[in-house]
Amino acid sequence: MSRTDTHCPYCALQCGMHLDVTETGDVEVSPRDFPTNMGGLCQKGWTSARVLTLPDRITTPLIRSESGELEPATWDEAMCFIAEKVRSIQGKHGRDAVGVFGSGALTNEKAYQLGKFARLALGTRFIDYNGRFCMSSAAAGANRTLGLDRGLPFPLSDVGEADALLLLGSNVADTMPPLVQHLGGVRDAGGLVVVDPRHSATAALTDNGAGIHLQPLPGSDLALLLGLVHIVIAQGWSDQEYLETRTSGWEEVRRSVTLWWPARVAARTGVPEELLYAAAEVLAKASPSQRGKGTVILTGRGVEQHTDGTDTVTAAINLALALGLPGRPHSGYGCLTGQGNGQGGREHGQKADQLPGYRSIEDPASRDQVAAVWGVDPAAIPGKGVPAVELLGKLGTEIRGLFVHGANPVVSAPDVGALQQWMRALDLVVVCDFLPSETTSYAHVVLPVAQWAEEEGTMTNLEGRILRRRKAIDPPPGVRSELEILAELADRLNSKARFGTEPADVFDELAHASAGGKADYSGLSHARLDDESGYYWPVPAGGASTPRIFTKRFGHDDGLAHMVAVRPGTPEDDLRPEAPVYLVTGRVLTQYQSGAQTRRVSELTKAAPESFVELHPTLAQRYQIEEGDMMSVESVRGRIVAFARISRGIRPDTVFVPFHWAGEGSANLATNDATDPISGMPEFKVCAVQIGKV
Ligand code: SF4
């Protein structure tokens with residue numbers, strides 16, 4: 001038996017786990033005590049090793065034949081095919097005619113290499129990733145107000161020391177169950193405030209005096225937050241000294257919220273005035289300026305995935321600043337990152353506008369520095385591309401070829417019916433994956449890659465803590481790492497830049513390229529990370545780790561937080577009264593993201609075998625729908641068919657569909673690809689639908 005200490009392959013909590021390899025080669029998972037999971041694992045983590053031995057694992061390159069089937073090929077044939085096709089497409093349509101779609105599941109090394117590959121080997125500006133669907137509004141809101149985007153600017157353990165927590169649009173009890181251990185203190189203090197249109201498993205944690213559940217109309221979260229700031233000011237709970245010394249823009253924000261008096265907010269959101277007052281009081285009384293132990297405000301996808309998502313995050317940060325929280329003990333604002341490397345994936349260059357180290361691709365000094373590390377002329381680095389939804393919208397027209405790494409956009413993107421048509425129009429789709437997925441079914445070439453326990457690398461968790469992901473077993477014969485694949489393809493495309501193949505070497509290059517950037521990793525190496533003492537970026541060369549940022553200054557040049565007055569919009573897809581019901585989407589306990597891995601694990605599919613529609617009994621009665629009936633949920637874009645699950649916990653004007661499944665139950669057949677104008681985040685979390693019994 002050999003034991004390897006590593007982390008779960010799925011979400012950003014990155015729970016610590018042991019992988020034991022028995023003499024017969026079986027891999028067994030057991031929980032490991034790590035500060036984020038405190039010895040816990042959820043069912044997804046417990047069963048994660050099943051994915052290593054699935055019978056449909058891809059172990060040879062596949063090329064689509066003239067008969068339309070994916071047929072086994074040699075690596076040389078596959079690489080030749082891709083290189084020739086790329087040359088042909090770019091020869092006819094220009095270098096931007098090939099795009100790249102990356103992922104927040106890739107290690108830091110792969111995310112970095114993919115950005116470099118797109119810019120130098122393909123020479124395209126069109127690269128973006130599925131984190132755009134996940135973190136972009138939180139990142140944009142934090143960057144504009146706090147001057148820096150690190151999901152949690154403090155260790156998760158700080159939440160455990162607080163007396164109040166405002167949790168907006170996140171169902172952690174299902175998505176990250178071990179995190180609930182950190183909520184014991186706030187629940188004991190009666191300080192857990194959950195904002196969600198459903199009485200989710202997390203909202204249920206507020207029951208029996210542990211807190212307050214606010215159930216606003218989908219799409220009205222921004223108005224709710226403005227109402228809370230209004231009450232904080234009216235009750236004299238704002239921290240004036242903090243606002244004067246650590247922020248700018250407060251006067252404008254203060255004026256803007258005068259329009260959002262509690263009765264108006266109650267009418268807009270459906271949340272009773274007395275609950276608004278109670279929530280504001282809980283948050284204020286626990287804040288340091290009121291001599292409380294601490295108040296934390298966290299946002300999740302439920303309030304971020306809207307066309308006003310960036311403004312909603314900004315309003316949440318304004319509330320935190322009004323209470324004087326960021327940078328104070330056991331207090332502050334943060335967002336809960338979703339994907340395993342959702343944080344690192346947005347730091348090292350696979351975003352359309354970004355170079356490694358969280359640098360802007362439009363900043364001349366950053367371009368010079370990264371070009372020097374890459375050994376190229378700065379002019380060789382293309383300019384800014386476009387966010388993921390816009391990139392996908394160019395498929396089949398401006399973009400003729402697409403590389404997909406670690407993602408399954410045919411299930412996870414908004415309005416997937418349209419995307420499926422665009423994918424069919426492409427001249428080349430290359431998918432790097434270890435399992436067949438709905439997206440590989442559109443591929444001209446599939447390249448089989450190693451997965452989490454078969455290779456070395458690093459991940460950056462929801463706290464901005466950089467972790468070692470360690471190899472426990474060899475990959476199956478025939479499989480290659482993405483680093484090797486990108487290096488060979490770059491070579492075949494005559495790239496002048498050098499592409500490393502060893503994760504530790506690529507990390508060293510990444511660290512060098514990030515030096516002086518906001519996400520500075522230059523003081524780190526695989527060897528240094530091996531001691532697991534907890535390295536939170538920035539970690540400059542020769543410098544210390546930074547578990548808590550903003551204690552003295554914010555990320556802007558003047559050191560202040562820049563408050564921005566915001567006002568609510570309406571959902572882009574508001575078709576009332578013709579379509580009187582709102583659809584919201586989300587996740588369930590035993591499935592992860594597009595389900596490409598977890599839908600194959602029998603223990604998990606037994607618990608959640610297929611898509612469903614959750615609706616209130618009043619709504620069900622109106623449409624004569626009973627528990628278990630097949631029902632439709634239809635927007636102007638597409639129609640979902642799934643069975644009805646009736647629950648008193650959801651608002652009577654709202655239905656919920658999880659987004660893990662493909663086929664007729666796929667939630668994203670109906671969702672809206674309208675995006676936030678600042679972040680490019682699609683409006684997954686509200687669209688108008690008609691429902692009916694099938
Ligand atoms: Fe932990 Fe997330 Fe893995 Fe569950 S899925 S074990 S919460 S890292």
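In the block above lies the structure referred to throughout.
Residues numbered from 1 in each chain as written. Predicted model: local features only at pLDDT ≥ 70, side-chain atom pairs only at ≥ 80, totals over all residues. Heavy atoms only, no water.

Enquirer: Would you explain the sheet that holds strand β13 (residues 332–335) in this entry?
Expert: The strands making up a sheet associate through hydrogen bonds between their backbones, and the pairing can be parallel or antiparallel. Ordered in space as β10-β9-β8-β12-β13, the five strands form an open sheet in which the pairing is parallel. Edge strands, defined here as strands with exactly one partner in the open sheet, are β10 (211–214) and β13. Here the strands of the sheet are splayed against their neighbours by 15° on average, with no regard to which way each runs. Against the sheet, helix α8 (residues 221–234) touches β8 (164–168), β9 (192–195) and β10, its axis set at about 155° to β8. Sitting on the sheet, helix α14 (residues 309–322) touches β8, β12 (295–299) and β13, and the angle it makes with β12 is about 175°. (Pairing = 2+ DSSP bridges. Helix = DSSP H or I, 4+ residues; strand = E, 2+ residues; numbered from the N terminus. Axes fitted to C-alpha atoms, helices over the stretch in contact; angles between N-to-C directions. Contact = heavy atoms within 4.5 Å.)

Enquirer: Honestly, helix α20 (residues 503–514) in this entry has me stumped. Any pointers?
Expert: Side chains three or four residues apart in an α-helix point the same way, a direct result of the helix having 3.6 residues per turn. The first and last C-alpha atoms of α20 sit 16 Å apart over 12 residues, in line with the 16 Å expected at 1.5 Å per residue. In this structure, the buried side of α20 is in contact with α3 (108–122), β15 (359–360), α15 (364–374), β19 (457–460), α19 (482–492) and α21 (526–529). Positive backbone phi, at 85°, marks Gly 516, one or two positions downstream of α20. (Expected span 1.5 Å × (residues − 1).)

Enquirer: Just checking my understanding: could you explain the environment of Ser 331 for this structure?
Expert: Looking at where Ser 331 falls in the secondary structure, it is placed in the loop between α14 and β13. Along the primary structure Ser 331 and Lys 518 are separated by 187 residues, whereas in three dimensions their C-alpha atoms are 22 Å apart. Sequence-distant contacts of Ser 331, defined by excluding residues within four places in its chain, comprise Phe 154, Pro 288, Gly 294, Thr 295, Val 296 and Leu 325. Of the polar contacts made by the side chain of Ser 331, one reaches the backbone nitrogen of Thr 295; its length is 3.1 Å. (Polar contact = N/O pair within 3.5 Å; in protein donor to acceptor, adjacent residues only side chain to side chain.)

Enquirer: When you look at the nonpolar core in this model, what are you seeing that I'm missing?
Expert: Across soluble globular proteins, you tend to see nonpolar side chains buried next to one another. By size, the foremost hydrophobic cluster in this structure holds 162 residues, and its most contacted members are Phe 117, Leu 166, Leu 319, Tyr 333 and Phe 403. The next biggest cluster of nonpolar side chains, apart from the first, holds 48 residues, and it includes Val 389, Ala 443, Phe 684 and Cys 687. (Core = buried A, V, L, I, M, F, W, Y, C linked by side-chain atoms within 4.5 Å. Buried < 20%, exposed > 50% of the residue type's maximum accessible area, 1.4 Å probe, protein only.)

Enquirer: Could you clarify how one ought to interpret the site of the ligand in this entry?
Expert: If you check the shell around the ligand, you find Cys 8, Tyr 10, Cys 11, Leu 13, Gln 14, Cys 15, Leu 41, Cys 42, Lys 44, Gly 45, Met 176 and Pro 178 and nothing else. A breakdown of the residues in the shell around the ligand according to their chemical character gives nine nonpolar, two polar and one charged. (Near = heavy atom within 4 Å. Nonpolar A, V, L, I, M, F, W, Y, C, P; charged D, E, K, R; others polar.)

Enquirer: So what exactly am I meant to see when it comes to the pattern of salt bridges here?
Expert: A side chain of one charge can pair with a side chain of the opposite charge if their charged atoms are brought near each other. In this structure the tally under the stated criterion is 35 salt bridges. In this structure, the salt-bridge partner of Glu 281 is Lys 285, at a minimum N-O distance of 3.3 Å. Residue Glu 281 and its partner Lys 285 are located together in helix α12 (residues 273–285), separated by four residues, close to a single helical turn. Of the residues examined, Glu 281 reaches a relative accessible area of 37% and is grouped as partly exposed. Residue class for Lys 285 comes out partly exposed when judged on its relative accessible area of 40%. The structure contains a network of salt bridges with shared partners spanning Asp 76, Arg 480, Glu 488 and Arg 492. (Salt bridge = Lys/Arg side-chain N within 4 Å of Asp/Glu carboxyl O.)

Enquirer: Help me understand helix α11 (residues 262–269) in this model?
Expert: Buried residues of α11: Pro 262, Val 265, Ala 266 and Thr 269, and no others. Looking down the long axis of α11, one finds its buried residues gathered within 100° of arc, a one-sided arrangement. Elements in contact with the buried residues of α11: α8 and α12. Taken from the residues just after α11, Gly 270 is the one with a positive phi, measuring 85°. (Arc of directions from axis to C-beta.)

Enquirer: What am I meant to see in the packing of aromatic side chains here?
Expert: In this description, an aromatic ring pair is defined by two values, namely the gap between the centres and the angle between the planes. Taken as a whole, this structure holds 10 aromatic pairs when the rule is applied. Note on Phe 117 and Phe 403: the rings are 5.7 Å apart at their centroids and 70° apart in plane angle, and the pair reads as edge-to-face. Residue Phe 117 is found in helix α3, and its partner Phe 403 is found in strand β16 (residues 401–405); the two are separated by 286 residues along the sequence. On the basis of relative accessibility, which here comes to 1%, the residue Phe 403 falls in the buried class. Where Phe 550 meets Phe 554, the ring centres are 5.1 Å apart and the plane angle is 35°; that geometry is what we call tilted. The burial state of Phe 550 is the same as that of Phe 554; both residues are buried. It is Arg 198 that lies over the ring of Phe 656; its NZ or CZ is 3.6 Å from the centre. (Phe/Tyr/Trp six-rings, centres within 6.5 Å; stacked < 30°, edge-to-face > 60°. Lys NZ or Arg CZ within 6 Å of the ring centre and 35° of its normal.)

Enquirer: What is the right way to read the side chain of Arg 400 from this model?
Expert: Structurally, Arg 400 can be placed in the loop between α16 (388–393) and β16. Overall, the relative accessible area of 15% leaves Arg 400 in the buried class. In terms of polar contacts, Arg 400 uses its side chain to reach the backbone carbonyl oxygen of Ala 425, at 3.1 Å. If we skip the residues at most four places from it in the chain, Arg 400 touches Ile 89, His 93, Ala 97, Ala 425, Leu 426, Asp 427 and Leu 428.

Enquirer: Teacher, can you tell me more about the environment of Ile 63 here?
Expert: Along the polypeptide, Ile 63 turns up in strand β4 (residues 62–64). Take Ile 63: its relative accessible area is 14%, and that puts it in the buried class. C-alpha separation for the pair Ile 63 and Arg 246, spaced 183 residues apart in sequence, amounts to 58 Å. Beyond its immediate chain neighbours, meaning those up to four positions away, Ile 63 contacts Glu 69, Leu 70, Glu 71, Ala 73, Glu 77, Ala 78, Phe 81, His 444 and Val 445.

Enquirer: So what exactly am I meant to see when it comes to the pairing of strand β6 (residues 98–102) here?
Expert: Here β6 lies mainly inside the structure; five of its five residues are buried. By the alternation rule, side chains of β6 split into Val 98, Val 100 and Gly 102 and Gly 99 and Phe 101, which are all buried. Pairing geometry for β6 and β16, over four bridges, is parallel. In the strand pairing of β16, Phe 101 is matched with Val 404. Examined bridge by bridge, β6 and strand β7 (residues 127–129) share three bridges and lie parallel to one another. In the strand pairing of β7, Gly 102 is matched with Tyr 129. In this fold, the crossover linking β6 to β7 by way of α3 has right-handed handedness. (Right-handed = clockwise from strand over helix to strand, strands pointing away.)

Enquirer: Any chance you could explain the sheet that holds β7 here in plain terms?
Expert: The mixed open sheet is built from seven strands, whose spatial order is β5-β4-β18-β17-β16-β6-β7. In this open sheet, the two strands that pair with only one neighbour each are β5 (70–72) and β7. Averaged over all pairs of adjacent strands, the angle between strand axes in this sheet comes to 20°, irrespective of strand direction. Pairing of β16 with strand β17 (residues 428–433), which is carried by five bridges, proceeds in the parallel orientation. In the sheet register, Leu 402 faces β17, and the bridge partner there is Val 429.

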